[in-house]
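# Coordinate analysis (summary)
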Protein chains: 2
Amino acid sequence: MQWTQARRAQKMNPSVIREILKVTEKPGIISFAGGLPSPKTFPISAFQAACDKVLREDGHAALQYAASEGFAPLREQVAAMLPWPVDPAQVLITTGSQQGLDLVAKILVDEGSRVLVETPTYLGALQAFTPAEPDIVSVASDDQGVDLDDLRAKAEGARFFYVLPNFQNPTGRTMSEARRAALSAEATRLGLPIVEDNPYGDLWFDQPPPLPLTARNPEGCIYLGSFSKVLAPGLRLGFMVAPKSLYPKLLQAKQAADLHSPGFNQRMVAEVMKDGFLDRHVPTIRALYKTQRDAMLAALQRHMPEGVQWNTPAGGMFLWARLPEGMNAAQLLPRAVERGVAFVPGWAFYAGQADARTLRLSFVTASVAQINTGIAALADAIREQSLASALPSTVEST
Amino acid sequence: MQWTQARRAQKMNPSVIREILKVTEKPGIISFAGGLPSPKTFPISAFQAACDKVLREDGHAALQYAASEGFAPLREQVAAMLPWPVDPAQVLITTGSQQGLDLVAKILVDEGSRVLVETPTYLGALQAFTPAEPDIVSVASDDQGVDLDDLRAKAEGARFFYVLPNFQNPTGRTMSEARRAALSAEATRLGLPIVEDNPYGDLWFDQPPPLPLTARNPEGCIYLGSFSKVLAPGLRLGFMVAPKSLYPKLLQAKQAADLHSPGFNQRMVAEVMKDGFLDRHVPTIRALYKTQRDAMLAALQRHMPEGVQWNTPAGGMFLWARLPEGMNAAQLLPRAVERGVAFVPGWAFYAGQADARTLRLSFVTASVAQINTGIAALADAIREQSLASALPSTVEST
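Residues numbered from 1 in each chain as written. Chains lettered and ligands numbered in written order. Predicted model: local features only at pLDDT ≥ 70, side-chain atom pairs only at ≥ 80, totals over all residues.

### A look at the overall build of chain A
- Looking only at helices and strands, chain A features 15 helices and 15 strands.
- Over its C-alpha atoms chain A spans a radius of gyration of 22 Å, differing by no more than 12% from the 21 Å that the globule rule assigns to 398 residues.
- Oriented by its inertia axes, the alpha-carbon framework of chain A measures out at about 70 × 60 × 50 Å.
- Residues counted as buried form 56% of the 398 residues belonging to chain A.
- Considering only residue pairs separated by 6 or more positions, chain A has 75% of its internal contacts joining residues 24 or more positions apart. (Helix = DSSP H or I, 4+ residues; strand = E, 2+ residues; numbered from the N terminus. Rg over C-alpha atoms; globule rule 2.2 N^0.38 Å. Buried ≥ 20, exposed ≤ 12 C-beta atoms within 10 Å, placed from the backbone. Contact = placed C-beta atoms within 7 Å.)

Following this line, the structure appears as structure tokens:
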């Protein structure tokens, strides 16, 4: 049979992370690789009560086809919880915030359109944009966020700049207030639209992050949010807030993609969120993740050989580390897995030239005890790899 | 702000049906317009028991991120219930079967690729294919299914032929066994892939429809199925069965689109379907819809003026009617709505030249009493419109 695949299908690749996760699914492996929220944080009894109530009181509507825009009370709750004035009519409920990325690409990206991303950036966004065949351009970034000079140099003709200002995936870094203000002003001056992805913003440890970029210029930004990190990923619910000029096209793309997100799940989440539930629940997630971040920082301090660097994320799920010069995280991985610990090599997150020394460590899935054991094992693997690289290569091949 | 929309966004249009549904959402309107399953058929207590069990016994996994392929036991159940040998590894769980259409277009359609569809065809498929910018070509069809001479004439270079052989949306017609056999042979000879959409196949009234096209040539077909009509649409779960050569690309497209369909919902459905639930439940849906189809046929017979034609669907949700020569279903609609009844004008379902006299009537949402009242009102509207069209147009404009 003559199946001819689309050109874009050739450009699509399996998620490196999911491939790595398969390798590391051996029993007993301590994984810092996945971006899986701790299941301890899932409010199961609240979901049980919500399921029961929704099916009992509103079962027919919850199980029927529904509006592509989303469940009206949930759209109102989303608008009310955001820190700038949002009309519920601007809120579109999506099947996870991943779907928001697919819809954005569908309505804004032609083949060859320039799309700017941070260095490094969220791999899932690169995958979501790929079917629209963009020309993805990586903008230099530092600990404060994106490099504005480089952004300016690359902005011409770009359809948008995709950015995660809070506790970024993969680096865990947060864009400073000064950089946000400057970026917002610069984007307005350049006429450069921004797609702001904020799945982790609520997971701050000591203080909330600065205001979103979208709050500073709602007409110039599309904002993506998620319930995956504050409630549970398995319901696949996220949302986007779009300027009114773009909303109708996003809605049409949404309708064509899956008609609407599950109305049952939307009602469950709306029910759970009533009466300020998140105000009580999210602090427990913050406290747990902060403890685990602290455990990882302490273990890194305790075990890592000289030359290994890492940052101190102020929230979120990930920490970013860098191996000593001459080492390569992808080569390290099999050795680490042999010692019972897994991570994601940083190269997977670069749209352009990768820094092969980087790696992403998630501190949310493993317990404190596992973090201690796992980081010690990782440090051993690094020392071993470091010795191996120091030997003449002929020795290794004999 | 300079938002530049993608070329494909210009080609996207709001669903005519959803626009019509908005107009017809006045209280008291009897709607034959929507394709909404009767909520009476939703097995609410089975879902209650399933929710409770899933959250109690498997809550952490149900609420966590999961494999893009879908929940393994559900994939096995799908493979086992299909009437040809299917390896669960070929089953991909989708966010409604609508998502299957989006994924198919993503991996098989380039800008300008020829895609063949029936005349008329499912509007949602046209919308799902549009973002990939295909050249959609309408193949002539009759009561037995697609016209093979016309298919042959148009097949060259086509990426696939999209077809709904069972109780088609919008016409309610079923492709005969002879036509299926001939189509399958012809498609193989032409090397023409088939995308077979079968959301309604289980809703037969007197006898099951002939074997799916995919069963006759699994390597040459992608098969789309849905839980929306046999369980409930509000969970947004469907599935596709793909040849092993295409599966990896479909999976990558799925991953990029929404990571995975909600694991909680997949477990609910898997739990509900245990122990042959569908074998007991689906016959009750068939019986209800058959009663309602019979009521609609009888009411049409009783009320319709001469010259109005309609078919007798052997299953599914829709009946297809045609107004007398010179009349136009789109012009009839406002008059019908005034009289308290709604339908979808047939032109919405044509990829090419439309037959303006056609209309789609759903017999599943309204009760028997509503069907009787609604069809009588529709007949009155047709008589009134017929009189108005018979008058010289100058009279109408004064």
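### Describing the relation of the copies chain B and chain A
- Between the two copies, chain B and chain A, the superposition gives an RMSD of 0.0 Å; the rotation angle is 180° and the shift along the axis is 0.0 Å. Taken together, the turn and the small shift mark the pair as related by a two-fold rotation axis. For chain B, the residue whose C-alpha comes nearest the rotation axis is B:Cys51, separated from it by 3.5 Å. (Least-squares fit on C-alpha atoms with pLDDT ≥ 70 in both.)

### Section: the domain arrangement of chain A
Residues and elements named next belong to chain A.
- As assigned here, chain A comprises domain 1 (7-42 + 279-387) and domain 2 (47-277).
- Contacts between domain 1 and domain 2 engage 34 residues on the former and 33 residues on the latter.
- Breaking the side of domain 1 that touches domain 2 down by element, the ones donating at least two residues are α1 (7-11), α2 (16-23), α12 (277-303) and β12 (318-322). (Domains from an automatic or database assignment.)

### Structural notes on the interface of chain B and chain A
- In this assembly, 69 residues from chain B lie in contact with 70 residues from chain A.
- Contributions of two or more residues to the side of chain B that touches chain A are made by α1 (7-11), α3 (44-62), α5 (96-108), α6 (123-129), α10 (247-258) and α11 (263-273) of chain B.
- Looking at the side of chain B that touches chain A element by element, the count peaks at nine residues for α3(B).

### Re the sheet that holds strand β2 (residues 91-94) of chain B
Residues and elements named next belong to chain B.
- With mixed pairing, seven strands are arranged side by side in an open sheet as β2-β10-β9-β8-β7-β3-β4. Looking at strand neighbours, the two that pair on one side only are β2 and β4 (135-139), the edges of this open sheet. When the angles between neighbouring strand axes are averaged without regard to direction, this sheet yields 20°.
- Along the sheet, α10 makes contact with β2 and β10 (238-241), crossing β2 at roughly 20°. (Pairing = 2+ DSSP bridges. Axes fitted to C-alpha atoms, helices over the stretch in contact; angles between N-to-C directions.)

### Structural notes on the sheet that holds strand β15 (residues 358-362) of chain B
All names here are of chain B.
- With antiparallel pairing, four strands are arranged side by side in an open sheet as β11-β12-β15-β14. Unpaired on one side and paired on the other, β11 (309-310) and β14 (344-345) mark the two borders of the sheet.
- Bridge analysis of strand β12 (residues 318-322) against β15 gives five bridges, and the strand direction is antiparallel. Counted as the bridge partner of alanine 321 is leucine 359 from β15.

### Looking at the nonpolar core
- One finds A:Phe161, A:Val269, B:Phe161 and B:Val269 to be the most contacted residues of the largest nonpolar core, which totals 251 residues.
- Non-local contacts of B:Phe161, meaning those with residues more than four positions away in its chain, are made with B:Leu116, B:Leu151, B:Ala187, B:Leu192 and B:Ile194. (Core = buried A, V, L, I, M, F, W, Y, C linked by C-beta atoms within 7 Å.)

### Some words on helix α4 (residues 72-81) of chain A
Residue and element names in this part refer to chain A.
- Among the residues making up α4, those that are buried are Leu74, Arg75 and Val78. Down the axis of α4, the sector holding all buried residues measures 100°, keeping them to one side.
- Looking at the buried positions of α4, the neighbouring elements they touch are β2 (91-94), β10 (238-241) and α11 (263-273). (Arc of directions from axis to C-beta.)

### Concerning the environment of B:Gln370
- The topology assignment puts B:Gln370 in helix α14 (residues 368-390).
- A sequence separation of 227 residues divides B:Gln370 from B:Asp143, and the C-alpha atoms of the two residues are 28 Å apart.

### Concerning the pairing of strand β7 (residues 158-163) of chain A
Residue and element names in this part refer to chain A.
- For β7, the tally of buried residues reaches six of six residues, placing the bulk of the element in the interior.
- Where strand β3 (residues 114-118) and β7 come together, four bridges link them in parallel fashion. Following the sheet pairing, valine 115 is matched in β7 by phenylalanine 160.
- Note that β7 and strand β8 (residues 194-197) share three bridges and pair parallel. When the bridges of β8 are listed, valine 163 appears paired with glutamate 196.

### Considering unusual backbone geometry
- Look at the link from A:Asn169 to A:Pro170: it is a cis peptide, with omega at 20°.
- Its location among the elements puts A:Pro170 in the loop between β7 and α8 (177-190).
- Look at the link from B:Thr119 to B:Pro120: it is a cis peptide, with omega at -10°.
- With respect to the secondary-structure elements, B:Pro120 resides in the loop between β3 (114-118) and α6.
- The phi dihedral of A:Glu133 is positive, around 55°, even though this residue is not glycine.
- Within the secondary structure, A:Glu133 sits in the loop between α6 (123-129) and β4 (135-139).
- Even without being glycine, A:Phe167 reaches a positive phi, approximately 50°.
- With respect to the secondary-structure elements, A:Phe167 resides in the loop between β7 and α8.
- C-beta crowding within 10 Å serves as the criterion here: with 26 such atoms nearby, A:Phe167 is assigned to the buried category.

### Examining the confidence of the model for chain A
- Of all residues in chain A, 96% attain a pLDDT of 70 or more, and the chain-wide mean is 94.
- Interface confidence in the predicted complex, given as ipTM, is 0.95; pTM for the same model is 0.95. (pLDDT = per-residue confidence, 0-100.)

### Brief notes about the pairing of β2(B)
All names here are of chain B.
- Judged by which residues are buried, β2 turns out to be covered on both faces: Val91 and Ile93 on one side and Leu92 and Thr94 on the other are all buried.
- Inspection of the sheet shows β2 paired to β10 by four bridges, in the antiparallel sense. Paired with leucine 92 across the two strands is methionine 240, which belongs to β10.

### A short note on the environment of A:Lys11
Residues and elements named next belong to chain A.
- For lysine 11, the location among the structural elements is in helix α1.
- C-alpha of lysine 11 to C-alpha of proline 131: the two residues are 120 residues apart in sequence and 7.7 Å apart in space.
- Look past the residues within four positions of lysine 11 in its chain and what remains in contact with it is Thr130 and Glu133.

### Focus: the environment of B:Thr174
Residues and elements named next belong to chain B.
- Checked against the element boundaries, threonine 174 lands in the loop between β7 (160-163) and α8 (177-190).
- Separated by 29 residues in sequence, threonine 174 and glycine 145 place their C-alpha atoms 6.7 Å apart.
- Those residues in contact with threonine 174, other than ones at most four positions away along the chain, are Pro165, Asn166, Phe167, Pro209 and Ala314.

### Points about α12(A)
Residue and element names in this part refer to chain A.
- Its 27 residues place the ends of α12 39 Å apart at the C-alpha level, agreeing with the 39 Å of an ideal helix rising 1.5 Å per residue.
- The set of residues buried in α12 consists of Ile285, Tyr289, Gln292, Arg293, Met296, Ala299 and Leu300.
- Where α12 is buried, its residues touch β11 (309-310), β12, β15 (358-362) and α14 (368-390). (Expected span 1.5 Å × (residues − 1).)

### What about the packing of helix α13 (residues 329-338) of chain B against α14(B)?
Residues and elements named next belong to chain B.
- Where α13 meets α14, the axes come as close as 9 Å, and the angle between the chain directions of the two elements is 125°. Put simply, α13 runs oblique to α14. In this structure, α13 meets α14 at a crossing whose hand is right-handed. Here Gln331, Leu332, Arg335 and Ala336 of α13 lie close against α14, whose contacting residues are Leu378, Ala381, Ile382, Glu384 and Gln385.
- For the contact of α13 with α14, a count of residues per class yields five nonpolar, two polar and two charged. (Parallel < 35°, antiparallel > 145°, perpendicular 65-115°, else oblique. Left-handed = near helix turned anticlockwise from the far one by under 90°. Nonpolar A, V, L, I, M, F, W, Y, C, P; charged D, E, K, R; others polar.)

### Comments concerning the packing of helix α3 (residues 44-62) of chain A against α3(B)
- As a packed pair, α3(A) and α3(B) sit with axes 10 Å apart at the nearest point and diverge in direction by 175°. As the angle between them shows, α3(A) and α3(B) are arranged roughly antiparallel. Residues A:Ile44, A:Phe47, A:Gln48, A:Cys51, A:Asp52, A:Leu55 and A:Gly59 of α3(A) form the contact with α3(B), whose participating residues are B:Ile44, B:Phe47, B:Gln48, B:Cys51, B:Asp52, B:Leu55 and B:Gly59.
- Classifying every residue of the contact of α3(A) with α3(B) by side-chain character gives eight nonpolar, four polar and two charged.

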